[in-house]
Amino acid sequence: QVQLHESGGGLVQAGGSLRLSCAASGRTLITYHTGWIRQAAGKEREFVAAISRSGATTDYADSVQGRFTISREYGEGTLYLQMNKLRPEDTAVYYCAAETNWEVLTTAPGDVEYWGQGTQVTVSS
């Protein structure tokens, strides 16, 4: 059973920073590719960032490249998303996700095998 629990969302002014955390059960971070997806109100789920199960590869959406950083701590079983220079268009519910197929995770975020309950990020102008 894969369990994912996000935290760290909140309200922040444009240009500010937040760090999202995802507590992952068991050996999820080793067994699956993991990452972050988001969904703005009335929009489809959007890929944000991913890290391979080996940790050797990362990928980012063009819209967050250079501003967001994905990382993980194996010992704590925690996935992180450091979000800097936040913009109002970053406002969304953010979910951490686990997926066997790298292409599904990075190109079809609505089809991921596992995801958490989400945490709301709101960026004010």
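Preceding this section is the structure that the text describes.
Residues numbered from 1 in each chain as written. Predicted model: local features only at pLDDT ≥ 70, side-chain atom pairs only at ≥ 80, totals over all residues. Heavy atoms only, no water.

With the exception of glycine, most residues fall at negative phi, and the peptide bonds are largely trans. Even without a glycine there, the phi angle at Lys85 is positive, about 50°. With respect to the element layout, Lys85 can be found in the loop between strand 8 (78-83) and strand 9 (92-99). According to the relative accessible area criterion, Lys85 is exposed, its value standing at 57%. (Helix = DSSP H or I, 4+ residues; strand = E, 2+ residues; numbered from the N terminus. Buried < 20%, exposed > 50% of the residue type's maximum accessible area, 1.4 Å probe, protein only.)

Counting residues in each nonpolar core, the largest one holds 36 residues, and the members touching the most others are Trp36, Leu81 and Tyr94. Listed by contribution, the elements that provide at least two residues to this core are strand 3 (18-24), strand 4 (33-39), strand 5 (46-51), strand 7 (68-73), strand 8, strand 9, helix 2 (102-107) and strand 11 (119-124). Looking at this core element by element, the count peaks at 6 residues for strand 9. (Core = buried A, V, L, I, M, F, W, Y, C linked by side-chain atoms within 4.5 Å.)

Time to look at the sheet that holds strand 8. Strand order in the open sheet formed by 4 strands is 1-3-8-7, and the pairing between neighbours is antiparallel. Of all the strands in the sheet, just strand 1 (4-7) and strand 7 have a single pairing partner and so form its edges. On average, each strand axis in the sheet is tilted by 15° relative to the strand beside it, whichever way the strands run. Relative to strand 8, strand 3 runs antiparallel, the two being bridged by 6 bridges. If you follow Arg19 over to strand 8, its bridge partner there is Gln82. (Pairing = 2+ DSSP bridges. Axes fitted to C-alpha atoms, helices over the stretch in contact; angles between N-to-C directions.)

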